[in-house]
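# Structure at a glance
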Amino acid sequence: MATMKSVQTAGVGKVEVVDAERPVPGPKDVLVRIRACGICGTDVTFVHMGGMPARSHLGGDLVPVRLGHEPAGEVVQVGAEVAGLKVGDRVVVNPQDAPTGIIGCGGKYGGMSEYLLIENAEVGRSVAVFPDSVPFDVASLNEPMAVACHCVNRSEAGPEDRVVVFGAGPIGLGAAIWLKLRGVGHVVVADVIPSRLEKALAVGADAVINSAEEDVTARLTELHGQAANALGQPRPGTDIFIDAAGAAAVFNTVVGAAKWGAKLVMVAVQKKGSDIDLGGMLRSELTLIASQGYPTEIFEVTPELVEHQDRFTKLISHRIASSEIDRAFELALTPGAAEKVVVTYDA
């Protein structure tokens, strides 16, 4: 039996590299050799938890999770019935298409492995091919950038809109990139870490706000002009707020700053619930829009990722070899230590 190395949770706050059986593709499958895989906030959550409940809907003992749902790699074996793919193709993956469970999120397989089986492989549904002009680490951004793109699509932001994105992590910065690529007139990014704000300007944001040091509402009024809520109370002229931070303070700030008819798009998982000022929402007729995953965007973003790779590559702060997986997760688990960590695998 051929084996491979695979990364999984190993108790609260820990990961381990285990020997796992190397999958053998059936007639409808392909086997991909992984060359890069990003670490996502979801991976970090699983590590903090130490795994996931064996019966997720009922609770129960924790079981290890095979990690990694942001992989990019090259096809090394192709099943006899697979069309449109060949050995050597460089591919990104739709982790939600796997019939044995979401890749890296409780499914049978994890993308942070030397090899990944793509079951029922189909171009445009389970995988997309990208050119060799794009490095594997940049290609691994395809999945999180699909999340960011869906958030922007949900906002329906247009050229005349003035937008602020809270949170300059990969999703927030990705949203800023997509907003500017869509021609949105003015995009502000707010965060508390100066290096992330510098990165926001580097990827195209028009302005930044250090929310630990500045009055966000006053600064937005300076940048977007003054408007009012339904009662005529002065509010910034910001049209769309995007929460890519998941902090209760963001929600409260938005409700207090929203003008009449503003939108709030929530793409971050809320780290802690907060009391909602429904009266404040009423006074602005604030529209709350939830954004989850990427119903159609997973491969819609791939051509633009290829075209604008120089901008997207700036999101990666650390490239860590798979032989240093503990260091990679130490960075990812330490608040403020890294923007985006990508684990790389030798050819």
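Report on the accompanying structure. Everything quoted here is computed from the prediction, not taken from an experiment.

## Considerations on the packing of aromatic side chains
The geometry of two aromatic rings is summed up by the distance between their centres and the angle between their planes. Evaluation of the coordinates by the stated rule reveals two aromatic pairs. Their ring planes at 85 degrees and their centres at 5.8 Å tell us that Phe130 and Phe136 sit as a pair that is edge-to-face. Residue Phe130 shares its accessibility class with Phe136, and that shared class is buried. Here the aromatic rings of Trp178 and Phe312 are separated by 5.1 Å at their centres, their planes lie at 50 degrees, and the arrangement is tilted. Taken together, the positions of Trp178 in helix H4 (residues 170-181) and Phe312 in helix H10 (residues 309-312) put the pair 134 residues apart, joining distant regions of the chain. There is no split in this pair, since Trp178 and Phe312 are both buried. A cation over a ring is seen here: Arg22 above Tyr115, with NZ or CZ 4.0 Å from the ring centre. Over the aromatic face of Phe136 sits the side chain of Arg90, whose NZ or CZ is 4.0 Å from the ring centroid.

## A closer look at the environment of Ala207
Along the chain, the position of Ala207 falls in strand S12 (residues 207-210). Exposure remark for Ala207: the relative accessible area of 7% places this residue in the buried category. Taking the C-alpha atoms as reference, Ala207 lies 6.8 Å from Val187; in sequence the two are 20 residues apart. What Ala207 contacts, discounting residues up to four positions off in sequence, is His186, Val187, Val188, Val189, Leu201 and Leu223.

## Considerations on helix H3 (residues 142-155)
Taking 1.5 Å per residue, 14 residues should reach 20 Å; H3 reaches 20 Å between its end C-alpha atoms and fits that length. With respect to burial, H3 is a largely interior element, twelve of its 14 residues being buried. Every buried residue of H3 is accounted for by Asn142, Glu143, Pro144, Met145, Ala146, Val147, Ala148, Cys149, His150, Cys151, Val152 and Ser155. In the stretch just after H3, Glu156 is the one whose phi turns positive, near 55 degrees.

## Some details on the pairing of strand S11 (residues 186-191)
Among the six residues that make up S11, five are buried, leaving the element largely enclosed by the rest of the structure. As defined by bridge partners, strand S10 (residues 162-166) adjoins S11 across five bridges and the pair is classed as parallel. For Val165, the partnering residue across the bridge sits in S11 and is Val189. Between the parallel elements S10 and S11, the chain passes through H4 in a crossover that is right-handed. Judged from the four bridges that link them, S11 and S12 form a sheet pairing that is parallel. Bridge assignment links Asp191 to a residue of S12, and that residue is Asn210.

## What to know about the sheet that holds S11
Two modes of strand pairing occur in sheets, parallel and antiparallel, and in both the strands are linked by backbone hydrogen bonds. Pairing is parallel in the open sheet, where six strands are placed in the order S12-S11-S10-S15-S16-S17. The open sheet has two edge strands with one neighbour each: S12 and strand S17 (287-290). Ignoring which end each strand starts from, the neighbouring axes of this sheet average 20 degrees apart. Against the sheet, helix H6 (residues 216-224) touches S10, S11, S12 and strand S15 (240-243), its axis set at about 165 degrees to S12.

## A word on unusual backbone geometry
With a phi close to 55 degrees, Glu156 is a non-glycine residue in the positive phi region. Looking at the secondary structure, you find Glu156 in the loop between H3 and S10. Of the residues examined, Glu156 reaches a relative accessible area of 62% and is grouped as exposed. With phi around 50 degrees, Glu285 is a residue other than glycine that occupies positive phi space.

What counts, and at which threshold
- Residues numbered from 1 in each chain as written.
- Predicted model: local features only at pLDDT ≥ 70, side-chain atom pairs only at ≥ 80, totals over all residues.
- Heavy atoms only, no water.
- Phe/Tyr/Trp six-rings, centres within 6.5 Å; stacked < 30°, edge-to-face > 60°.
- Buried < 20%, exposed > 50% of the residue type's maximum accessible area, 1.4 Å probe, protein only.
- Helix = DSSP H or I, 4+ residues; strand = E, 2+ residues; numbered from the N terminus.
- Lys NZ or Arg CZ within 6 Å of the ring centre and 35° of its normal.
- Contact = heavy atoms within 4.5 Å.
- Expected span 1.5 Å × (residues − 1).
- Pairing = 2+ DSSP bridges.
- Right-handed = clockwise from strand over helix to strand, strands pointing away.
- Axes fitted to C-alpha atoms, helices over the stretch in contact; angles between N-to-C directions.

Any link to function would need more than the numbers given here.
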